[in-house]
Amino acid sequence: MVYGHGEKPRHISLPGLEFAAALRKGGLNQLIQVEVTDGTRELVIPKDIQRDPLKDDIVHADLLIVRRGEKITTDVPISFTGEVEKGGLVVHELTSLSVEAEATHIPESIEVDLEGLAIGSQRTVAEVTAPEGVVILNDGEQTVATVAEPRAEAAADDEAEAAAEETAEAEAPAE
């Protein structure tokens, strides 16, 4: 279904394989030019995709009409870069950010640099640098990623501390 800009929603049929290939190549923020039944062409962006739960085929898509220069709100995936402190485990709290950008300049992803982040620290939305012309709409206090200590190491450290305490108590002179 194609809708937007005050126009009456129109149901269209798209070639399934070509449409799926376009989404695989460009993601859900892919601008697509479709020819509508009356012969007019519209620039659209997928807003909602419904898939068959067993076959994973696309069964329905809502396509929002956009105009060049128009700002739209959409979700953009996050790509994480950089190495955290040795032994740190990165926990992704968010996988995408809500942004406002010109329809023809939506980034494929937003890069979040984790270089040198210490165990126990985090990266918040306020620390993310958006590409030029893109405004991040998420709350700045929201956590994007946290660097945690791996559980196996934390458990081993706890066990080592407990063993050291027991040894110290056993070696202590009795009163």
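Overview of the structure. (Residues numbered from 1 in each chain as written. Predicted model: local features only at pLDDT ≥ 70, side-chain atom pairs only at ≥ 80, totals over all residues. Heavy atoms only, no water.)

### Notes on the pairing of strand S12 (residues 143–148)
In this sheet, S12 lies alongside strand S7 (residues 89–92) in antiparallel orientation, the contact comprising four bridges. When the bridges of S12 are listed, Val90 appears paired with Val147. Note: strand S10 (residues 122–124) against S12, three bridges, orientation antiparallel. Bridge pairing links Arg123 to Ala145 in S12. (Pairing = 2+ DSSP bridges. Helix = DSSP H or I, 4+ residues; strand = E, 2+ residues; numbered from the N terminus.)

### Comments concerning the sheet that holds strand S2 (residues 7–10)
Sheet strands line up and pair through hydrogen bonds in the backbone, either parallel or antiparallel. With respect to topology, five strands assemble into an open sheet ordered S2-S1-S5-S4-S3, the strand pairing being mixed. The open sheet has two free edges, formed respectively by S2 and strand S3 (32–35), since each of these has just one partner strand. For this sheet, the mean angle separating the axes of adjacent strands, direction not counted, is 45°. Sheet topology note: the strand S1 (residues 2–4)/S2 ladder contains two bridges and is antiparallel. Of the residues in S2, the one forming a bridge with Val2 is Arg10. The sheet contacts of helix H1 (residues 16–26) involve S3, strand S4 (41–51) and strand S5 (58–65), and relative to S5 the element is tilted by about 65°. (Axes fitted to C-alpha atoms, helices over the stretch in contact; angles between N-to-C directions. Contact = heavy atoms within 4.5 Å.)

### Quick look at the pairing of S3
Residues Ile32 and Val34 line the buried face of S3, whereas the alternating positions Gln33 and Glu35 sit on a face that is not buried. Examined bridge by bridge, S3 and S4 share four bridges and lie antiparallel to one another. Bridge pairing links Glu35 to Arg41 in S4. Count of turn residues in the S3/S4 antiparallel hairpin: five residues, of which Gly39 carries a positive phi of about 95°. (Buried < 20%, exposed > 50% of the residue type's maximum accessible area, 1.4 Å probe, protein only.)

### So, the sheet that holds S7
Here three strands make up an open sheet; going across it, the order is S7-S12-S10 and the pairing antiparallel. Single-partner strands in this sheet number two, and they are S7 and S10. Within this sheet the neighbouring strands show an average axis-to-axis angle of 15°, counted without direction.

### Regarding the pattern of salt bridges
Under the criterion given, the structure shown has six salt bridges. Between Arg10 and Glu7 there is a salt bridge whose closest N-O contact spans 2.7 Å. For Arg123, the salt bridge identified is with Glu127, shortest N-O distance 3.8 Å. Residues participating in the shared-partner salt-bridge network are Glu7, Arg10, Glu42 and Arg67. (Salt bridge = Lys/Arg side-chain N within 4 Å of Asp/Glu carboxyl O.)

### With respect to the nonpolar core
One finds Leu97, Val99, Ile110, Val128, Ile136 and Val144 to be the most contacted residues of the largest nonpolar core, which totals 25 residues. At the level of elements, S4, strand S6 (71–81), strand S8 (96–102), strand S9 (110–113) and S12 are the ones that each hand at least two residues to this core. Other than its neighbours up to four places away in sequence, Leu97 contacts Thr74, Asp75, Val76, Ile78, Ile110, Val125, Val128, Ile136 and Asn138. Ranked by size, the runner-up nonpolar core spans 12 residues in total, among them Ile12, Val44, Leu63 and Ile65. (Core = buried A, V, L, I, M, F, W, Y, C linked by side-chain atoms within 4.5 Å.)

### As for the layout of surface pockets
Put simply, the largest pocket is a space of about 450 Å³. Surrounding the largest pocket, 22 residues form its lining, Gly26, Gly27, Leu28, Asn29 and Gln30 being those nearest its centre. Of all the secondary structure elements, the ones that give two or more residues to the lining of the largest pocket are H1, S4 and S6. Considering only residue class, the lining of the largest pocket consists of nine nonpolar, seven polar and six charged. Estimates place the volume of the second largest pocket at around 290 Å³. Those elements that provide at least two residues to the lining of the second largest pocket are H1 and S5. Counting residues per element, the lining of the second largest pocket draws most heavily on S5, at five residues. Looking at the lining of the second largest pocket residue by residue, the class counts come to 10 nonpolar, three polar and three charged. (1 Å grid on protein atoms, 1.4 Å probe; cavity = no way out; pocket = protein on both sides within 12 Å on 5 of 7 lines; lining within 4 Å. Points joined across faces, edges and corners; volume = space filled by probe spheres on them. Nonpolar A, V, L, I, M, F, W, Y, C, P; charged D, E, K, R; others polar.)

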